[in-house]
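Residue-level listing of the chains:
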Amino acid sequence: MNERDFLNDILTTEKYMTHSYSTFLNEASHNSLYQDVLNIFTETQNCQRELYNLMFKKGWYKLEAADQQKLQQTYQQFQGYTNQFPYNNIVQ
C-alpha cells in the first residue's frame, strides 16, 4: 500500500465516521452525551479536512472547475426556494 492509497483509505474512513456521528447528533436526547460526541465529531471533521487538503496539495484529489453558466443557473434555482422557508431570516 503506497502513501496515496493509505491517505485515501483514512480519508474514506473519516468521511464515514463524520456521517455516522452526524446521524447520532441528530437523534441524541442526552445533552452531556451530545456535547461529548459533538466534540469528537468536530475533531474528526477537522482531521478529514486536513487529509483532504494534504491530498489536494499532492495532486491526489482533483476537482474539475465548474462551468460558470451552470453555477449561475443552479444558484438562481435554489435562490427561488428561499421564499418557501417558514422564517424569513434563515437565508438572506
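Anything mentioned here points back to the structure above.
Worth saying up front: this structure is predicted, and the values here are computed from it rather than measured.

**Concerning the pattern of salt bridges**
Moving on, step 1. Per the counting criterion, the structure on display carries 1 salt bridge.
Moving on, step 2. Note that Glu3 is salt-bridged to Lys58, the shortest N-O span being 3.7 Å. Of this pair, Glu3 sits in helix 1 (residues 3-27) while Lys58 is found in the loop between helix 2 (31-57) and helix 3 (68-79), placing the two residues 55 residues apart along the sequence.
Moving on, step 3. For Glu3, a relative accessible area of 46% corresponds to the partly exposed category.
Moving on, step 4. The partly exposed category is assigned to Lys58, whose relative accessible area is 39%.

**Looking at helix 2**
Moving on, step 1. The end-to-end C-alpha distance of helix 2, which contains 27 residues, comes to 39 Å, matching closely the 39 Å that a straight helix rising 1.5 Å per residue would cover.
Moving on, step 2. Of all the residues in helix 2, the buried ones are Val37, Phe41, Thr44, Gln48, Leu51, Tyr52 and Met55.
Moving on, step 3. Gly59 sits one or two residues past helix 2 and shows a positive phi near 80 degrees.

What counts, and at which threshold
- Residues numbered from 1 in each chain as written.
- Predicted model: local features only at pLDDT ≥ 70, side-chain atom pairs only at ≥ 80, totals over all residues.
- Heavy atoms only, no water.
- Salt bridge = Lys/Arg side-chain N within 4 Å of Asp/Glu carboxyl O.
- Helix = DSSP H or I, 4+ residues; strand = E, 2+ residues; numbered from the N terminus.
- Buried < 20%, exposed > 50% of the residue type's maximum accessible area, 1.4 Å probe, protein only.
- Expected span 1.5 Å × (residues − 1).

Coordinates in, geometry out; function isn't part of it.
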